[in-house]
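Close look at the chain arrangement
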Amino acid sequence: MAAGVYNQPIVAFQSHSHINNFNHQQKFNNLVRLVTKDFIGSNFLSRRDCRVIQSLASQTSVVDTVSSPSKSKTSDRDTHKKSNEASLILIRHGESLWNEKNLFTGCVDVPLSKRGIDEAIEAGKRISSIPVDLIFTSALIRAQMTAMLAMTQHRRRKVPIIMHNESEQARGWSQVFSEDTEKQSIPVIAAWQLNERMYGELQGLNKQETADRYGKEQVHEWRRSYDIPPPNGESLEMCAERAVSYFRDQIEPQLLSGKNVMISAHGNSLRSIIMYLDKLTSQEVISLELSTGIPMLYIFKEGRFVRRGSPIGPTEAGVYAYTRRLALYRQRLDDMFQ
Ligand SMILES: O=C(O)[C@@H](CO)OP(=O)(O)O
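The model shown is predicted, which means the values in this text are computed figures rather than measured ones.

Structural notes on the overall build of the protein
- From N to C terminus, the protein includes 14 helices and 7 strands.
- Looking at the protein as a whole, 51% of its 338 residues qualify as buried.
- Taking as baseline every contact in the protein between residues at least 6 positions apart, the subset at least 24 positions apart corresponds to 78%.
- Accessible surface computed for the protein: about 15,800 Å², of which carbon and sulfur atoms make up 50%.

Encoded structure:
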């Protein structure tokens, strides 16, 4: 797959009316009814959901009080069979106050600008009917603000809750004591491994002035090459070592178990993850640019990631008709919240 600017849809989304054209309309309607019933009955969280959240127990405090997995009669193998598709949303944070000033930011913890706040809210509207069960963000405020602002727009109206595992006390003091409330929550896991690449001695410098001083080509190499680090900073390759390892170790298992995941992170940590997902070469990744605040949707199915593009159209309906599972989810939201 060719690299390039990832803020355009790669494939044309099918329109919402696609749902009406299923050959097995009756079967589909029955399925919608069935799932809707399940959905309301279970308050959105199946036993499988509970079990998956339970698996986060080592990282989260909220999950500790979710019902015991031992009550479930479904085996892990069945779980995998049933939930062999999950959504993955990647979003680069909205514009930060240093993006606005054209400064190298890296691991400096800068908040969103006013425009970045608007971008995050707009992004939230675009993904407002895509299921999100778990959120991963970097440890930096611009990614966390983006995730939180985006979720204010989600139609399911679950509450994103940041997990605090920095100490036993932090874990204990942030516990939730209502199972119902937990079911209406989305765990948010902040991981430094998803942070922006450390930009070394470029952090805080103006990008234009740096190019004027060291030459456009040198600065482009620092910014976009795969293996050349900026002075005393991380190359994309070094950034990938931590970000992709984290993705493979902590995020992929969640997708495998059927969890729908959103990752809110940064230009370069996401470039390295996209390089892994789309199997880009170190040459192709050079021209991979990510816009701020544009969510990208992937479907994880049978161990493969399929990019569905970025829902940037005037309506997002087509995106949800794209797979039957997403269409059903949207249908359930329509039924519940219209
Ligand atoms: O300054 C930074 O941290 C990054 C992202 O804003 O810059 P670049 O565009 O060079 O990847």
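Still more ground to cover, so stick around.
Digging into the site of the ligand
- Looking at the ligand, the residues that line it are Arg92, Asn99, Leu103, Phe104, Thr105, Gly106, Glu196, Tyr199, Lys207, Arg223, Arg224 and Asn268.
- In this structure, an oxygen atom belonging to the ligand sits 2.7 Å away from a main-chain N or O atom of Gly106.
- Between Asn268 and the ligand, the recorded distance is 2.8 Å, taken from a side-chain N or O atom to an oxygen atom.
- Protein coverage of the free-state accessible area of the ligand, which is 310 Å², stands at 95%.
- Tallied by class, the residues present in the shell around the ligand amount to 3 nonpolar, 4 polar and 5 charged.

As for the packing of aromatic side chains
- As enumerated under the stated definition, the model contains 6 aromatic pairs in all.
- Judged by centre distance (5.9 Å) and plane angle (70°), the rings of Phe247 and Tyr276 are edge-to-face. Of the two residues, Phe247 sits in helix H11 (residues 236-256) while Tyr276 sits in helix H12 (residues 267-277), which places them 29 residues apart along the sequence.
- For the pair Phe300 and Phe305, a centre-to-centre distance of 4.6 Å together with 45° between the ring planes defines the contact as tilted. Considered together, Phe300 and Phe305 belong to a single accessibility category, that of buried residues.
- Here the aromatic cluster, defined as three or more aromatic residues joined through ring pairs, consists of Phe247, Tyr276, Phe300 and Phe305.
- Cation over ring: Arg197 sits above Tyr199, and NZ or CZ is 4.6 Å from the ring centre.
- A cation over an aromatic ring shows up here: Lys207 above the ring of Phe104, its NZ or CZ 5.4 Å from the ring centre.

Brief notes about the nonpolar core
- Ranked by size, the top nonpolar core spans 33 residues in total, and within it Leu88, Leu90, Phe136, Phe247, Leu255 and Ile263 carry the most contacts.
- Within the residue set of this core, elements represented by two or more residues are strand E1 (85-92), strand E2 (134-137), H11, strand E5 (261-265), H12 and strand E6 (295-301).
- The dominant element in this core, judged by the number of residues it contributes, is H11, at 8 residues.
- When residues no more than four places from it in sequence are discounted, the contact partners of Phe136 are Ile189, Leu194, Tyr246, Gln250, Ile251, Gln254, Val261, Met262, Ile263 and Ser264.
- Counting residues in each nonpolar core, the second largest holds 15 residues, with Ile89, Ile91, Val132 and Ile135 among its members.

Comments concerning the UniProt feature "active site" (unreviewed entry) in the protein
- Following the UniProt record, one finds the feature "active site" (unreviewed entry) at His93 and Glu196. In three dimensions, the annotated residues from a span of 104 residues occupy one location, with a maximal C-alpha spread of 10.4 Å.
- Mapped onto the elements of the fold, Glu196 is located in the loop between strand E4 (185-190) and helix H9 (207-214).
- When neighbours within four sequence positions are excluded, Glu196 is seen to be in contact with Gly106, Cys107, Leu140, Arg142, Glu234, Arg242, His266, Gly267, Asn268 and Ser269.

Some details on the confidence of the model for the protein
- In this model, the protein carries an average pLDDT of 79, and 71% of its residues clear a pLDDT of 70 or more.
- Per-residue pLDDT stays below 50 along residues 7-81; that stretch engages in 127 contacts with residues further than four places along the chain or on separate chains.
- Both scores are available for the predicted complex, with the pTM at 0.78 and the ipTM at 0.97.

Conventions adopted
- Residues numbered from 1 in each chain as written.
- Predicted model: local features only at pLDDT ≥ 70, side-chain atom pairs only at ≥ 80, totals over all residues.
- Heavy atoms only, no water.
- Helix = DSSP H or I, 4+ residues; strand = E, 2+ residues; numbered from the N terminus.
- Buried < 20%, exposed > 50% of the residue type's maximum accessible area, 1.4 Å probe, protein only.
- Contact = heavy atoms within 4.5 Å.
- Areas by Shrake-Rupley, 256 points an atom, 1.4 Å probe, with all protein chains shown as cover.
- Near = heavy atom within 4 Å.
- Polar contact = N/O pair within 3.5 Å; in protein donor to acceptor, adjacent residues only side chain to side chain.
- Nonpolar A, V, L, I, M, F, W, Y, C, P; charged D, E, K, R; others polar.
- Phe/Tyr/Trp six-rings, centres within 6.5 Å; stacked < 30°, edge-to-face > 60°.
- Lys NZ or Arg CZ within 6 Å of the ring centre and 35° of its normal.
- Core = buried A, V, L, I, M, F, W, Y, C linked by side-chain atoms within 4.5 Å.
- UniProt positions renumbered as here; feature names shortened; annotations may be inferred.
- pLDDT = per-residue confidence, 0-100.

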